[in-house]
Structure formats: structure tokens, C-alpha cells
Amino acid sequence: MNLDYSMKMTQEQRLILTQNMQQSIKLLQMSLHDLREYIDNEYSENPVLELNEEITSYEDLHNNGETSTEDKYDYKKIIEELYSDNYKEKSEGSYSNEESTSPLNFIEKKISLKDYLQEQLVEVEVDQYTLGICKYIVESLDHRGYLEISIEELAEELNISEEIVEKALKIVQTLEPYGIGARNIQECLIIQSIKLNILDNIIEKIILNHLETIAENKYEVVGKDLGISPREAQRYGDLIKKLEPKPSRGFYTGEEVNYIIPDAEIKNIDGEFFILMNESVLPRLMINKTYKDVLENNGDSETNAYVKDKINQAMFLIKSIEQRKNTLHKVLECLVDKQKDFFKLGKQHIKPLTLKEVAEIIKVHESTVSRAVKDKYVLTSYGTIKIKDLFASGVSSNDDDMATIKIKNEIKKIINDENKGKPFSDQVISDILAKKNMNISRRTVAKYREELGIKSSSMRKRL
């Protein structure tokens, strides 16, 4: 009996940790704009949260002797409102029928991919412990709906076995849209093929080995390799091309930024760089003293439990916001140190730097750095830039490492100068770069070209 009880206690503690971490990573990877909206929503739903300026004015009134004990909140009324279905409506303001009805009220709000997935998880028949891990995985998906973080990293973050993470990931991969939770495009397409009941040995081999070939419509090559006719290869290719390589398409993922609010400013003062965090956008949250008094003065155990839960939620929110700021500040400190030449001289002087290098320096997981810089901007002497742009992958050369941004700039220059009647293929561009000691493969050239928004040679050709 004791053994069973002990196991249950350990499992529940891990689940609570997972739920807290789920909120923590959600806040860490939010842009400043989205974080402001999230805080506003939490403020409207959690009655114990108060804005700092409101708390200050409330305390000032009491300190100045302008109110008496009798003027304090009616606890009974507070608790009745807490349990009332109308509480949220009251806290958000009331409005009448015709006078306040706006056409804006009828505009459909974009559905968040992660919210849509979390709603589906509620219906999944699985134990609460595994469900908590599934929710954590959902919050770890990137804007495409892919899981870029490795199973090993997730297992280490949650202090659980890789087998448990794999089990939870398989559950996430059953959700719609099909292909969600895949770790690469091949897995994404195979998941969809299984769900659509079209997967066979040939489709699987094409997805795993010939995606680029069918993208170039080289069906003779595919047919020869698989022992089928070109016509049959094309039929399979057409089926695969109907699948969705980006399962998040159609959902709001946070990538669409209407306007940019930088999280920080890097200021150069007499050759010394200072990091100024932009805290003016976010309200300062505090716990309303009134609800602390409820716990001390109210004898109702059910009421106390409710208030205590709300206070715990509020405290963790405040802590997570502060942790988000501290983590981002550490990352920026490292970037300022490693990319001094950029901050002094501009983009052409960005050095090769990886998420892993920064993670090792500030002693956190690589995934934490990735989340910390996601959708975040910093104001510099050269304008407002994506923090992610300060990371550049190194590329082998005879003399020294070349930053990816330099390679992309060179590709852009080569294509701008080409003969539009006979544009360069990706292989020719790769050969030109090699002569300049920039040794990258044809496939990497194609990847960088697509990231630059430049079409293939056949699409660039002009008569």
C-alpha cells in the first residue's frame, strides 16, 4: 500500500511541474505584443491579480487615513462574485444591445493552432500524466507545426524517459491537422499518408528518398530506381504533391506580426554596450491584498481553497514573466559579447554563432535559447532586427568560417548579375561559390535561395 501511494504522489508532482512548465515555456516564446494580450486576458480572468498602480493608490488611501475598516471590500460579496457565472462579464465591462454593437464584434478571430490542438487533447482517452506531457509537446511545436526539439532534450527537460516522450508524441501525431508533431517533412508526409490510407511501400520509398526528384518532375529517374514506369511514378508523385508539407497552414501561429515591439534596446554609449529591456509595454502585476485577507479572515474551507488556487496561479504568472525577462537578458548579454562587430559595424560583420554555443555559455538548454529569441526583436543602431538574425551558421571555407548571411548575400548578387535568358542552376551557383572559397552543396544553395524568396532557374528564365 505504501509503495502504491508513494508512486502516485511522485507522478502527480511531475504532472504539476509539467503544467507549470507548459505555461512558462508558452510565455518565454511569446512576442512582447502577444505577451501583453496574454497578461490582459489573465488579468480579466483572475480576480486576485491587480495592476501595480491600482494597488499603490489603494494602499496610499489607507496610509493617508482616508478610508476606514468599514469601507473595505465586503468579503461575502467578493466570494459570491468569484463563483458567479457573470463575474467575467462584470470584470470586462458591461454594454447594452444596440448602442455598443460594433461590426468588429462579428469579425472571426483567427484560431490558434496550439489552442486547437489542446482542445483535441481534452477528448483523448489517456491518463492525466501522459496528457500533461502531450500538452507540453504541443507548446514545443514550431510555427509550421513541427517538433524541432529532440526527444532527448524533451526527456531531459521533463526528467522522464525517452520512451514516455515517444509515447506522448505518438498521441500528438494522431491529432488534426494530420502531420502535426512531425520531426521532418518526410515524417509529416508519411503520417498524412497513413491517416489518408494511401501509404504503401512505393509511396514510403518516394517520400524517404525521392522528394526532391519528384519536385523536379524527374519521374523517369524515380521509376528506374523503384522498378516502375514513369507514368506510375508520376501517379504516385501527384498523390504526394497533394499532401500538406506545412500542417499549420490556415491557423494563427504567432508568425504574423502586425506591428513590431522590440523587447530590448542595445545602446552604444562611448563604445560600451548597454541592454535596456522594454518594460513600459507590460503592466506590473501584483496580488490584491484583499484576497490575501480573505485567506486570513474567512473560515470557509471551500472559499479558501478557491482563493489560494487563484493566488498560486497569479504568483506563478508573475514569476514566469520575470523569468522570461531574465532569460532573454542573459541571451542578449551573450549576443552583445559575441557579435560586437555587428553592433559596431553592421550586418556584414555578423559572425557564425549557434543556439548551442549560447546555451552552453549561459548554462541552459538549447531549446530554451530557441524559445527565448522566437518572434522577438531588438532595437539597435542599425534599426530594429529579429534577435534570431544574430545567429548565423558557420560554413566551411579555406580561410575562415563564413556566416550564412554572407553566403545568402553572395547568392543574391550572383543571381542579380546572371543572364536572364540563361539563368544559373543551383549547381552552377554552388560551383561559383566554391571558387570564392564558399563550399556549400547544390541542395544548400536551393535552400538558401528559397529562404531569400528567389525562384528556381526555370522560373527565372526570360526570353
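Residues numbered from 1 in each chain as written. Predicted model: local features only at pLDDT ≥ 70, side-chain atom pairs only at ≥ 80, totals over all residues. Heavy atoms only, no water.

**Student:** Hey, could you go over the packing of aromatic side chains for me, with residue numbers and the actual values?
**Tutor:** Throughout the structure, instances matching the rule amount to three aromatic pairs. Summarising the aromatic geometry, the rings of F342 and F343 are spaced 4.9 Å apart at their centres and angled 70° between planes, so their arrangement reads as edge-to-face. Judged by its relative accessible area of 5%, F343 falls in the buried class. A ring pair is formed by F342 and Y382, whose centres lie 5.8 Å apart and whose planes are at 50°; its orientation type is tilted. Note that F342 is positioned in helix α18 (residues 340–345) and Y382 in the loop between β5 (377–380) and β6 (383–386), a separation of 40 residues in sequence. (Phe/Tyr/Trp six-rings, centres within 6.5 Å; stacked < 30°, edge-to-face > 60°. Buried < 20%, exposed > 50% of the residue type's maximum accessible area, 1.4 Å probe, protein only. Helix = DSSP H or I, 4+ residues; strand = E, 2+ residues; numbered from the N terminus.)

**Student:** Describe the pairing of β6, naming the residues involved and giving the relevant values.
**Tutor:** Note: β5 against β6, four bridges, orientation antiparallel. Bridging from a neighbouring strand, Y377 pairs with K386 of β6. What sits between β5 and β6 in their antiparallel hairpin is a turn of two residues. (Pairing = 2+ DSSP bridges.)

**Student:** Residues and numbers for the sheet that holds strand β3 (residues 272–277), please.
**Tutor:** Across the sheet, which stays open at both edges, the four strands sit in the order β3-β2-β5-β6 with mixed pairing between neighbours. Each edge of the open sheet is held by one strand with a lone partner, namely β3 and β6. On average, each strand axis in the sheet is tilted by 25° relative to the strand beside it, whichever way the strands run. Pairing geometry for strand β2 (residues 264–269) and β5, over two bridges, is parallel. Bridge pairing in β5 places E265 opposite L379. Along the sheet, helix α17 (residues 301–338) contacts β2 and β3; its crossing angle with β3, the most-contacted strand, is approximately 160°. (Axes fitted to C-alpha atoms, helices over the stretch in contact; angles between N-to-C directions. Contact = heavy atoms within 4.5 Å.)

**Student:** Can you break down helix α19 (residues 355–362) residue by residue, with the values?
**Tutor:** Considered for burial, the residues of α19 that qualify are V358, A359 and I362. The buried residues of α19 occupy one face: seen down the axis, they fall within an arc of 100°. In this structure, the buried side of α19 is in contact with α17 and α20 (366–373). Positioned one or two residues after α19, K363 has a phi angle of 60°, which is positive. (Arc of directions from axis to C-beta.)

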